[in-house]
Amino acid sequence: MKTYIIQRLAIALLTLLGMSMVIFVLLRLAPGDIVDILFATAGYISPSEKQAIMKELGIDRPYVIQYLDWLHQIVTGDLGKSYRYDLPAWEVIRPLVPVTLELAALSMIFAVLLGVPAGVVSAVRQDTTLDYALRVFSLAGLAMPSFWLGMVIILGLVTWFAWIPPLTYVAPTKNLKLHAIQFLLPALAVGYRSSALIMRITRSSLLEVMREDYIRTAWAKGQTGRIVIWRHALKNALLPVVTFIGIEFAFLIGGLVVTETVFNLPGVARFLVQAILWRDYPVVQNLVMFTAIVVILSNLIVDTLYGVLDPRVRYGG
């Protein structure tokens, strides 16, 4: 296992290096930079002032030098300086990361708590009224975008209870109750969609596992249905579910743009769009690299859990 993890970490470093090149190049392919945007906003262009600002920001240097400087900053822990806010990029990014991580984690917790039991019940009660009802429930989750469901929730609270959730971010250290309410609603909206996918994956996987010989043997030995389903069948049926959870969590880190906007949460995804519009290269580069790191770590954790859930999985050299 140690050898496998070391190999995967080495591959991860190479992947991150490749990702850094792609991120750097794609940002520079976009027309204009922050200096052009600033002068366009001001309504005039002074070539001498423009050149002075570009030199101050360091974006007048060759791209190779800029890229190597960025790699050096990552290695040394200095993520550069935000062009727009004139602050260290890490100071701009640091408050955003916990918000998105908390929302993504809560969403996945709701999704698992709702999707796995629903998938098990649907598989055990295959082709019954309850099965059809749960499948319709999951189809509804797939059909409704999470941001739309979030807006419906807000409108419903306003219409039926004359109450609107806090629209200004509240830190947990200031008011834990309001903070929990503020995250509960978007987490439910996002988690419902993810739970629909988890439910369908769990159902399909469990139905396949329940046809295996060792499950028939467990039934033949007279073991109770609860033991057979939850202890024997579900453990192996969870492998594709674990894979989906890892991929979905990584996707949510950068895919919550509209949800964070609807609920006015200062998260990574929402801020990333603004940083791209301003061509704030240090912030954009580091936020995308953060997302890439989350994706790679999620995949590594999923692969490691495979060996825990299924003893047949072995990691060799």
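Residues numbered from 1 in each chain as written. Predicted model: local features only at pLDDT ≥ 70, side-chain atom pairs only at ≥ 80, totals over all residues. Heavy atoms only, no water.

Novice: Let's hear about the overall build of the protein: which residues, and what values?
Specialist: The helix and strand inventory of the protein stands at 14 helices and 0 strands. Listed by position from the N terminus, the elements making up the protein come as α-α-α-α-α-α-α-α-α-α-α-α-α-α. Expressed as lengths along the three principal axes of its C-alpha atoms, the size of the protein is roughly 85 × 60 × 35 Å. The burial tally for the protein puts 39% of its 317 residues in the buried class. Across the protein, contacts joining residues at least 24 apart in sequence account for 72% of those joining residues at least 6 apart. (Helix = DSSP H or I, 4+ residues; strand = E, 2+ residues; numbered from the N terminus. Buried < 20%, exposed > 50% of the residue type's maximum accessible area, 1.4 Å probe, protein only. Contact = heavy atoms within 4.5 Å.)

Novice: Just give me the short version of the environment of Q73, but keep the residues and values in it.
Specialist: Mapped onto the elements, Q73 comes out in helix α4 (residues 63-76). In this structure the C-alpha to C-alpha distance between Q73 and F24, which are 49 residues apart in sequence, comes to 14 Å. In this structure, Q73 is in contact with D78, L79 and G80, ignoring residues within four places of it in sequence.

Novice: Which residues make up the side chain of S298, and what values do they have?
Specialist: You can see S298 is positioned in helix α14 (residues 281-309). In this structure S298 comes out as buried when scored by relative accessible area, which is 10%. The contact partners of S298, leaving out residues within four places of it in the chain, are G246, F249 and A250.

Novice: Pulling in residues and values, what's your account of the pattern of salt bridges?
Specialist: In the structure shown here, the tally under the stated rule is 5 salt bridges. A salt bridge links D86 to K81; its shortest N-O distance comes to 3.2 Å. What makes K81 partly exposed here is its relative accessible area of 45%. For R193, the salt bridge identified is with E248, shortest N-O distance 3.2 Å. Of this pair, R193 sits in helix α9 (residues 176-209) while E248 sits in helix α11 (residues 225-255), and the two are 55 residues apart along the sequence. (Salt bridge = Lys/Arg side-chain N within 4 Å of Asp/Glu carboxyl O.)

Novice: An account of the packing of aromatic side chains is requested, with residue identities and associated values reported.
Specialist: Counted by the stated rule, this structure contains 7 aromatic pairs. Between F24 and Y63, the ring centres sit 6.3 Å apart and the planes meet at 80°, which makes this aromatic pair edge-to-face. Placement of the pair is F24 in helix α1 (residues 2-29) and Y63 in helix α4, with a sequence separation of 39 residues. With a relative accessible area of 6%, F24 lands in the buried category. One cation-aromatic arrangement involves R28 over F24; the distance from NZ or CZ to the ring centre is 3.8 Å. In this structure, R28 packs its charged tip against the face of Y281, placed 4.1 Å from the ring centre. (Phe/Tyr/Trp six-rings, centres within 6.5 Å; stacked < 30°, edge-to-face > 60°. Lys NZ or Arg CZ within 6 Å of the ring centre and 35° of its normal.)

Novice: Could you give me a rundown of α4, with the residues and numbers involved?
Specialist: Residue pairs three or four apart in sequence face the same way in an α-helix, which turns once every 3.6 residues. A rise of 1.5 Å per residue sets the reference length of α4, with its 14 residues, at 20 Å; its end C-alpha atoms lie 20 Å apart and thus fit the reference within 8%. The complete set of buried residues in α4 reads Q66, Y67 and W70. Take α4 and look down its axis: the buried residues cluster within an arc of 100°, on one side only. Those residues of α4 that are exposed and aimed more than 90 degrees away from the buried face are V64, H72 and V75. Positioned one or two residues after α4, G77 has a phi angle of 85°, which is positive. (Expected span 1.5 Å × (residues − 1). Arc of directions from axis to C-beta.)

Novice: How would you summarise a nonpolar patch on the surface if you had to cite specific residues and measurements?
Specialist: Where nonpolar side chains cluster on the molecular surface, the patch consists of F147, W148, M151, V152 and V258 and spans about 400 Å² of accessible area. No other element matches the 4 residues that helix α8 (residues 146-161) contributes to the nonpolar patch. Structurally, F147 is set in helix α8. (Patch = residues over 30% accessible without salt bridge, like charges linked within 9 Å, V, L, I, M, F, W, Y side chains within 5 Å. Areas by Shrake-Rupley, 256 points an atom, 1.4 Å probe, with all protein chains shown as cover.)

Novice: An account of the packing of α1 against α4 is requested, with residue identities and associated values reported.
Specialist: Between α1 and α4, whose axes approach to 11 Å, the crossing angle comes to 135°. What the angle tells us is that α1 and α4 run oblique. Crossing geometry of α1 relative to α4 is assigned as right-handed. Taking contact as the criterion, the partners of L17, S20, M21, I23, F24 and R28 in α1 are, on α4, Y63, Q66, Y67, W70 and L71. Partitioned by chemical class, the residues of the contact of α1 with α4 number 8 nonpolar, 2 polar and 1 charged. (Axes fitted to C-alpha atoms, helices over the stretch in contact; angles between N-to-C directions. Parallel < 35°, antiparallel > 145°, perpendicular 65-115°, else oblique. Left-handed = near helix turned anticlockwise from the far one by under 90°. Nonpolar A, V, L, I, M, F, W, Y, C, P; charged D, E, K, R; others polar.)

Novice: Describe in detail unusual backbone geometry, supporting the description with residues and values.
Specialist: A positive phi angle is found at D86, which is not glycine, with a value near 55°. If you trace the backbone, D86 turns up in the loop between α4 and α5 (89-93). On the basis of relative accessibility, which here comes to 51%, the residue D86 falls in the exposed class. At A162, a position not held by glycine, the phi torsion is positive, near 50°. Here A162 is to be found in the loop between α8 and α9. The exposure class of A162 is exposed, given its relative accessible area of 72%.

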